[in-house]
Amino acid sequence: MANLRMVWRHIALAAMLFAAMGGARATWPQAAEEHGVVRENMDPSVKPGDDFFRYSNGGWIERTEIPADRATVGAFLLLRDKSDKRVKGLVDEALKANAAPGTNMRKMADLYNSYMDEAGIEAKGLGPLESHLKEIAAIKSKKELAFVLGKTLRADVDALNNTNFHTANLFGVWVAPDFDDSDHYAAYLLEGGLQLPDREYYLGQSERMKNLRAEYQKHVAAMLQLAGFSEPETRAAKVLELEHAIAEKHLSLAENEDIHKANNHWKRTEFAAKAPGLDWDEYFRGAGLEKQANFIVWQPTAFVGESALVASEPPQVWQDWLAYHLIEAYAPVLPKAVADERFAFFGTAMTGASEQRPRWQRAVSLVNQQLGDAVGQMYAKEYFPAESKARVDQMVTNIVTAFHKRIDALDWMDPATKAEAHAKLKTLYVGIGYTEQWQDYSRLEIKPGEAFGNLWRGGLFVYQAKIAQLGKPVNRKQWSMTPQTVNAVNLPLQNALNFPAAILEPPFFDGKASDAFNYGAIGSVIGHEVSHTFDAEGSAFDAKGAVRNWWTPADLAHFEASTQKLVEQYDAYRPFPDLALNGKQTIDENIADVAGIAASLDAYHASLNGKTPPEQAGFNSDQQFFLAYAQTRAGKSREGALRQQVLTDPHSPSEYRADAVRNIDAWYPAFGARDGEKLYLKPEERVRIW
Ligand SMILES: [Zn+2]
């Protein structure tokens, strides 16, 4: 989609704390004298034309073990380790500073310490949950139930930027420019209510899904038992039945990504008639949105279905569901028995990771999530030199120029459509490194010794800050990622891209490496994000970010026919005998990969001005370009994690992303790839969309 998540999906805050990522063991070899393609990461015994991913990364795959506390390992995650270590250093600075109360430094220190204080967390037991559990237990009517459900609404979903359609709360809100009025912020409401990542986990009939559901039910019972509930097995069975019923109302990921189905404006006063069941007045009062007149409902059928379930299912089942969801969300800041039980299911059973990340790393993640810009301000100052910013700025300019030329060269596109595409490129805001407008944390209260309270207030702070933007003018330069985030993003409603400082590091960007290397690595990522501006979703937004169809029907038809070829190319990839990629689900990301490589290669060639650049590690410049690209895709996953990715992620697994080079003509002579080799495509089978 016109969004990016090149790496992992944003998961709920608590899930992130426990996710099997992080760690700091595997490393990316980069001897001081060697900048660019890493020869020892390759496997020269593999023919590049048969398997470019293993040719480029076989050595790395061979010697890299997935650490026990992780589900995957790869270039992205190694960079994430690097960023985490640096952030740890910044948190240490904050710890030593003994800064004045109320300052960002003091908040960072207090938040970190509150999570590290395991003895304190243990001593409090389930005390911090008590008032919340009492409120749930005291529900006596559907009206009160609606109010309590409304209180759980958080700004924890994001439909287009960091694409996250998952919230375990009944619904989630995303505050973003209005589809029909991109100058003002609107409230998008999204479906929710499931703990497991996607409807498929409830409805899928494979053995693995059936087993996971059985494990999950045991886990729900165990959590309820730990919280002192009677008859935990009976309650867990009902909770699972309810979530199953909710899952049946949910849309699939592919449906969620179709923005044309999402632009549904509902007035607050229309909800009761359009989606009867839930007492909407009470729900919005609980959410503090009783004065918000308009909403955009992303999945109307899910809202109808979920609202009806509030009416049809017994309040007791909803109360148990609320209690279990509360315990699950805050398990990371509850006593060890609860936290461990959460990890046993969401870490081990779901992803195969057998150990949790060290506690200090989870504490750093928490600081990163709740005080991201406070950390980010320090990070940008210390780790992102002005020379790096200048060099990447120049690459962006050249890649955007390459896109202008590619658009001019399209023989199938109508001149009117081309003019609109050029206008979009001209107004595109490309942020490099960090935001110029930092988040103000003065209203976020962080208290020493209150791990639970800090996490609770953190979620509420984000929610209230977002809600306060509703109806206000859109700031197109607002970032959606912190500088220490290893990722990049396309913000279609703002017609903007963000490239945080933490991804502008080897193997993506190296100030000491050749241009061939940097264009192949980060240049392809920049091209990827720019191309999202024009993909099936991006083309729905005009230069201002408004939803407007600026394509002629003939252009759109041509675009759709060419994308079908790419759908078929990816449908044919089979990571497991019983599981193929879903070419439709991953189409926009695959187009972006192919277009990104092509545009960056053009920009690189243009930047040479006819000169022949030197070899590096024995490779000529085009070889460096493609190898650099493929080496950014180095990655290994446990089976469970890879299967989850294939089912739920709009990105193809890294292996197939590396193999996208087979669509680029220049790749063939660079590596002597020829007919009969597995990746070989006849010139007419290669997909060229942009
Ligand atoms: Zn993308």
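Please refer to the structure higher up on the page.
Throughout what follows, the structure given in this document is the object of discussion. (Residues numbered from 1 in each chain as written. Predicted model: local features only at pLDDT ≥ 70, side-chain atom pairs only at ≥ 80, totals over all residues. Heavy atoms only, no water.)

### Thoughts on the coordination of the zinc ion
Phase 1: Bound to the zinc ion are the protein donor atoms His528 (NE2), His532 (NE2) and Glu589 (OE), situated 2.0 to 2.1 Å from the metal.
Phase 2: When the donor residues of the zinc ion are listed from N- to C-terminus, their spacing reads H-x3-H-x56-E. Taken as a pair, His528 in helix α22 (residues 515-532) and Glu589 in helix α24 (residues 587-607) lie far apart in primary sequence, 61 residues in all. (Donors = N, O, S within 2.8 Å, 3.2 Å for Na, K, Ca; no water. Helix = DSSP H or I, 4+ residues; strand = E, 2+ residues; numbered from the N terminus.)

### As for the packing of α22 against α24
Phase 1: At a minimum axis separation of 6 Å, α22 and α24 run at an interaxial angle of 135 degrees. Classified by the interaxial angle, the pair formed by α22 and α24 is oblique. Crossing geometry of α22 relative to α24 is assigned as right-handed. For the pair α22 and α24, the contacting residues are Asp515, Ala516, Tyr519, Gly523, Ser524, Gly527, His528, Ser531 and His532 in the first and Asp588, Glu589, Ile591, Ala592, Asp593, Ala595, Gly596, Ile597, Ser600, Ala603, Tyr604 and Ser607 in the second.
Phase 2: For the contact of α22 with α24, the residue count by class is 8 nonpolar, 9 polar and 4 charged. (Axes fitted to C-alpha atoms, helices over the stretch in contact; angles between N-to-C directions. Parallel < 35°, antiparallel > 145°, perpendicular 65-115°, else oblique. Left-handed = near helix turned anticlockwise from the far one by under 90°. Contact = heavy atoms within 4.5 Å. Nonpolar A, V, L, I, M, F, W, Y, C, P; charged D, E, K, R; others polar.)

### A short note on the side chain of Glu655
Phase 1: Along the polypeptide, Glu655 turns up in helix α27 (residues 654-658).
Phase 2: Discounting residues that sit within four places of it in the chain, Glu655 has contacts with Phe53 and Arg54.

### Section: the sheet that holds strand β6 (residues 429-433)
Phase 1: Taken in spatial order, the 3 strands make up an open sheet running β6-β8-β7, and their pairing is mixed. Looking at which strands have only one partner, the edges of the open sheet turn out to be β6 and β7 (489-491). Within this sheet the neighbouring strands show an average axis-to-axis angle of 15 degrees, counted without direction.
Phase 2: Bridge count for β6 against strand β8 (residues 496-500) is 5 bridges, and the pairing is parallel. In the sheet register, Tyr429 faces β8, and the bridge partner there is Ala496. (Pairing = 2+ DSSP bridges.)

### Thoughts on the sheet that holds strand β3 (residues 181-191)
Phase 1: On the basis of which strands lie adjacent, the open sheet formed by 4 strands has the order β2-β3-β5-β4 and mixed pairing. Where the open sheet ends on each side, the last strands, each with one partner, are β2 (171-178) and β4 (265-267). The mean inter-strand angle of the sheet, taken between neighbouring strand axes irrespective of direction, is 40 degrees.
Phase 2: Here 8 bridges tie β2 to β3, and the two strands are oriented antiparallel to one another. Among the inter-strand pairings, Phe171 is bridged to a residue of β3, identified as Glu191.

### Let's talk about the pairing of strand β5 (residues 294-297)
Phase 1: Across 2 bridges, the pairing between β3 and β5 is parallel. What sits directly across from Tyr188, in β5, is Ile296.
Phase 2: Both β4 and β5 contribute to a ladder of 3 bridges, which runs antiparallel. Bridge pairing in β5 places Lys267 opposite Asn294.

### Quick word on the packing of helix α19 (residues 386-409) against helix α20 (residues 415-427)
In a pair of packed helices, the angle between the axes and the distance between the axes together describe the arrangement.
Phase 1: At their nearest, the axes of α19 and α20 sit 10 Å apart, and the two run at 175 degrees to each other. Taken as axis vectors, α19 and α20 run roughly antiparallel relative to one another. Across the interface between the two elements, Val400, Phe403, His404, Ile407 and Asp408 from α19 touch Lys418, Ala421, His422, Leu425 and Lys426 from α20.
Phase 2: The residue makeup of the contact of α19 with α20, split by class, is 5 nonpolar, 2 polar and 3 charged.

### Quick word on helix α14 (residues 300-312)
Phase 1: The end-to-end C-alpha distance of α14, which contains 13 residues, comes to 18 Å, matching closely the 18 Å that a straight helix rising 1.5 Å per residue would cover.
Phase 2: When α14 is considered as a whole, its buried residues turn out to be Ala302, Phe303, Gly305, Glu306, Ser307, Leu309 and Val310. (Expected span 1.5 Å × (residues − 1). Buried < 20%, exposed > 50% of the residue type's maximum accessible area, 1.4 Å probe, protein only.)

### A word on helix α17 (residues 359-370)
Phase 1: For α17, with 12 residues, the first-to-last C-alpha span of 17 Å sits near the 16 Å given by 1.5 Å per residue.
Phase 2: Residues of α17 that are buried: Arg359, Gln361, Arg362, Ala363, Val364, Ser365, Leu366, Val367, Asn368 and Gln370.

### Description of the pattern of salt bridges
Phase 1: This structure, assessed with the given rule, holds 31 salt bridges.
Phase 2: Of the charged contacts in the structure, one is a salt bridge between Arg54 and Asp51, with a shortest N-O distance of 3.0 Å.
Phase 3: The network of salt bridges with shared partners includes Asp51, Arg54 and Glu655. (Salt bridge = Lys/Arg side-chain N within 4 Å of Asp/Glu carboxyl O.)

### With respect to the pairing of β2
Phase 1: Within β2, 8 of the 8 residues are buried, which leaves it mostly tucked inside the rest of the structure.
Phase 2: Linking β2 to β3, which pair antiparallel, is a turn of 2 residues.

### Comments concerning the packing of aromatic side chains
Phase 1: Summed over all chains, the structure comprises 52 aromatic pairs.
Phase 2: With a centroid separation of 5.1 Å and 50 degrees between ring planes, the pair formed by Tyr379 and Tyr383 is classed as tilted. You can see Tyr379 and its partner Tyr383 sitting in helix α18 (residues 372-383), 4 residues apart, about one turn around the helix.
Phase 3: On the basis of an interplanar angle of 45 degrees and a centroid distance of 5.7 Å, the ring pair of Tyr519 and Tyr604 is categorised as tilted. Here Tyr604 lies in helix α24 and Tyr519 lies in helix α22, a separation of 85 residues in the sequence. (Phe/Tyr/Trp six-rings, centres within 6.5 Å; stacked < 30°, edge-to-face > 60°.)

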